[in-house]
Amino acid sequence: MTDYFPAFGWPAGHRTAISLLVHVPGHGFRDGDDQLGLDYTPQGVRHILRVLADVDVTATFAFTSEAIADTPELLAEVHAAGHELAVSNCSTTGSIEDVIDAIADRFDLRVNGLVARIPGFPTSELEIDWGSDNGMAWLIDGRSGDLPSLQSDPNAALIPTSPYLIDMTWLSPQRPLPPSSLLESWMLTLDAYREGGIFMPIIVHPHVIGRPGFLGTLTRFLDDVIARGDVWIAPMQHIAATWHAYYAENGEDD
């Protein structure tokens, strides 16, 4: 077994960890641009929620300001289902402060995670330094890597991403590939990541993989992950908490 992270083992003896991030843009986002089918977002979110309930997986849902404005009831549905709420700065209107305030006002809930940048979406200027001392803060800023790292000031786990682990790479409405190619790629990646102990962050969009037909690909992937029996599936805040604890114990930083 390749020893990528020799000083640390994943919790409960798991060989690797996966997080599922559901990135939720709004219908009003990029009007007239090439983001086709965004009006399907509410239905897609609800389809994904049903799949996650069936397989008993907890995910992270990151909402843009447009998504909050379009369908604020989705926040309540995601929260009631027990999933982590996060915010996305991949937006052209509003601000992440608006989304944070909306979540805090409705649920008295502190937001731990921020998606600042992912491929395929613009990014508004980030006017705040993201992080906290609560040991659960995390940030996605577009960087690559095999494992998270730590931003020390302010304190946040930096979550790496891969364009190959984003549904829109495979299922773009302009140039869709067969869903089987996404599934094969993700399963090959999972096997390699299990061998190396690497963290696997999956990013999906409700208006893409949340549609019937494509949704079955996500279901098959999660079923196969669960069948492995040695993969920890956790929301981003739990990955961040694990990473914060590791660095606190070992005295390392980014």
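Everything numeric here is computed off the predicted structure, so don't read it as measured data.

Residues of strand β2 (residues 60–63) alternate between two faces, with Thr60 and Ala62 on one and Phe61 and Phe63 on the opposite face, all of them buried. Pairing of β2 with strand β3 (residues 84–88), which is carried by 4 bridges, proceeds in the parallel orientation. Bridged to Ala62 within β3 is Ala86.

To continue, consider the nonpolar core. Taken as a class, soluble globular proteins show a tendency for nonpolar side chains to be buried jointly. Core analysis: the largest hydrophobic core is formed by 80 residues, its most contacted members being Phe61, Phe63, Trp138, Trp186, Met200, Ile202 and Phe221. Not counting chain neighbours up to four residues away, the residues in contact with Ile202 comprise Ile18, Ser19, Leu20, Leu21, Leu165, Trp186 and Phe221.

Below, the discussion takes up the environment of His207. Here His207 lies in the loop between β8 (199–204) and α7 (214–228). His207 sits 183 residues away from Val24 along the chain, and the two C-alpha atoms are 8.5 Å apart.

Enumeration according to the criterion identifies 8 salt bridges in this entry. Between Asp141 and Arg143 there is a salt bridge, with the nearest N and O atoms lying 2.8 Å from each other. Arg194 serves as the salt-bridge partner of Asp191, at 4.0 Å between the closest nitrogen and oxygen. Residue Asp191 and its partner Arg194 are both found in helix α6 (residues 179–196); the two are separated by 3 residues, about one turn of the helix. Through salt bridges with shared partners, a single network forms among Arg15, Asp191, Arg194, Glu195, Arg228 and Asp230.

Inspection of the secondary structure puts Glu84 in strand β3. For the buried Glu84, which has no salt bridge, the nearest side chain bearing the opposite charge is Arg110, at an N-O separation of 11 Å. Separated by 2.9 Å, the side chains of Glu84 and Trp138 make a polar contact. Sequence-distant contacts of Glu84, defined by excluding residues within four places in its chain, comprise Ala59, Thr60, Phe61, Asn112, Gly113, Trp138, Pro235, Met236 and Gln237.

Geometry of an aromatic ring pair is reported as the spacing of the ring centres plus the angle between the planes. Here the structure, examined in full by the defined rule, presents 5 aromatic pairs. Relative to Phe199, the ring of Trp10 has its centre 6.4 Å away and its plane inclined at 35 degrees; by these criteria the two rings are tilted. With Trp10 in the segment before β1 (16–24) and Phe199 in strand β8, this residue pair connects regions lying 189 residues apart in the sequence. You can call Trp10 buried: its relative accessible area is 7%. Classification of Phe199 by relative accessible area gives buried; the value is 1%. For the ring pair Trp186 and Phe221, a centre distance of 5.4 Å and an interplane angle of 70 degrees mean the geometry is edge-to-face. Residue Trp186 is located in helix α6, and its partner Phe221 is located in helix α7; the two are separated by 35 residues in the primary sequence. Note on Phe221: relative accessible area 1%, which makes it buried. Here a set of aromatic residues connected by ring pairs shows up, and it is made of Trp10, Phe199, Trp232, Trp243 and Tyr246. Directly above the ring of Tyr40 sits Arg211, whose terminal nitrogen or CZ lies 4.4 Å from the centroid.

Here the focus is the packing of helix α1 (residues 41–55) against α7. Orientation of α1 relative to α7, taken along the N-to-C sense of each, is 20 degrees, at an axis distance of 11 Å. On the basis of the axis angle, α1 is roughly parallel to α7. For α1 against α7, the interelement crossing comes out right-handed. Contacts from His47, Ile48, Val51, Leu52 and Val55 in α1 reach Leu215, Thr219, Leu222, Asp223 and Ile226 in α7. Taken together, the residues that form the contact of α1 with α7 break down as 7 nonpolar, 2 polar and 1 charged.

Following both chains from N to C, one finds helix α3 (residues 73–80) and helix α4 (residues 96–107) inclined at 60 degrees, their axes separated by 11 Å at the closest point. Taken together, α3 and α4 sit at an angle that is classed as oblique. In the packing of α3 onto α4, the handedness of the crossing is right-handed. For the pair α3 and α4, contact is made by Glu73, Leu75, Ala76 and His79 and by Ile103, Arg106 and Phe107, respectively. Considering only residue class, the contact of α3 with α4 consists of 4 nonpolar, 1 polar and 2 charged.

Basis of the calculations
- Residues numbered from 1 in each chain as written.
- Predicted model: local features only at pLDDT ≥ 70, side-chain atom pairs only at ≥ 80, totals over all residues.
- Heavy atoms only, no water.
- Buried < 20%, exposed > 50% of the residue type's maximum accessible area, 1.4 Å probe, protein only.
- Helix = DSSP H or I, 4+ residues; strand = E, 2+ residues; numbered from the N terminus.
- Pairing = 2+ DSSP bridges.
- Core = buried A, V, L, I, M, F, W, Y, C linked by side-chain atoms within 4.5 Å.
- Contact = heavy atoms within 4.5 Å.
- Salt bridge = Lys/Arg side-chain N within 4 Å of Asp/Glu carboxyl O.
- Lys, Arg positive; Asp, Glu negative; His and termini not counted.
- Polar contact = N/O pair within 3.5 Å; in protein donor to acceptor, adjacent residues only side chain to side chain.
- Phe/Tyr/Trp six-rings, centres within 6.5 Å; stacked < 30°, edge-to-face > 60°.
- Lys NZ or Arg CZ within 6 Å of the ring centre and 35° of its normal.
- Axes fitted to C-alpha atoms, helices over the stretch in contact; angles between N-to-C directions.
- Parallel < 35°, antiparallel > 145°, perpendicular 65-115°, else oblique.
- Left-handed = near helix turned anticlockwise from the far one by under 90°.
- Nonpolar A, V, L, I, M, F, W, Y, C, P; charged D, E, K, R; others polar.

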